[in-house]
Amino acid sequence: MTVINAGHADTVRRQLQEGGTVLVDYGAPWCAPCQSLLPILEQLDEEYGSNITILKVNCDELPELAAEAGVMGLPTVIVYNGGQPMEKLVGLRPKSAYQGVLDKFAAANSR
């Protein structure tokens, strides 16, 4: 897998409907913390492999998705499990914060 740039709202909605653990990064290209988050997401993608899906949503291009998710600050990372939002992390966090959330859900999906 790789970090998927969601070009359309349907891409995100379809991925969430498929279930499993999905990490969605709501950000924007002009957001410096969002840019700093990308290498962390790429590392997480390598570590968790097929146990999770990582999507990036450009809030400037898909404002309706950001509104649906209740995004108030960038970056906002929401971890969905079975199509439902489970955890929301607002602002740039250390990699361990994202790992802690993913460990709760990705392990259950790998069984």
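First things first, this report covers the structure right here in the doc. No experiment lies behind these values; they were computed from the predicted model shown.

What follows concerns the overall build of the chain. The number of helices and strands found in the chain is four helices and five strands. Starting at the N terminus and ending at the C terminus, the chain contains elements arranged as β-α-β-α-β-α-β-β-α. With respect to the three principal axes, the spread of C-alpha positions in the chain is 35 × 30 × 20 Å. Restricting the contact set of the chain to residue pairs at least 6 apart, pairs at least 24 apart contribute 71%. For the chain, the exposed surface amounts to about 5,700 Å²; the carbon and sulfur share of it is 50%. Computed over 8 positive and 13 negative side-chain charges, the separation of the two mean positions in the chain equals 7 Å.

Counting buried positions along strand 2 (residues 21–27) yields seven of seven residues, so the element is predominantly enclosed. Both faces of strand 2 are covered, namely the face carrying T21, L23, D25 and G27 and the face carrying V22, V24 and Y26. For the handedness criterion, the β-α-β arrangement of strand 2, helix 2 (residues 32–48) and strand 3 (residues 52–58) is classed as right-handed. Examined bridge by bridge, strand 2 and strand 4 (residues 76–81) share six bridges and lie antiparallel to one another. Bridge assignment links V22 to a residue of strand 4, and that residue is Y80.

Turning to its location among the elements, T11 is positioned in helix 1 (residues 9–17). Overall, T11 belongs to the partly exposed group, its relative accessible area being 22%. Note: C-alpha distance between T11 and P94 (83 residues apart in sequence) is 27 Å.

Conventions used here
- Residues numbered from 1 in each chain as written.
- Predicted model: local features only at pLDDT ≥ 70, side-chain atom pairs only at ≥ 80, totals over all residues.
- Heavy atoms only, no water.
- Helix = DSSP H or I, 4+ residues; strand = E, 2+ residues; numbered from the N terminus.
- Contact = heavy atoms within 4.5 Å.
- Areas by Shrake-Rupley, 256 points an atom, 1.4 Å probe, with all protein chains shown as cover.
- Lys, Arg positive; Asp, Glu negative; His and termini not counted.
- Charge placed at Lys NZ, Arg CZ, Asp CG, Glu CD.
- Buried < 20%, exposed > 50% of the residue type's maximum accessible area, 1.4 Å probe, protein only.
- Right-handed = clockwise from strand over helix to strand, strands pointing away.
- Pairing = 2+ DSSP bridges.

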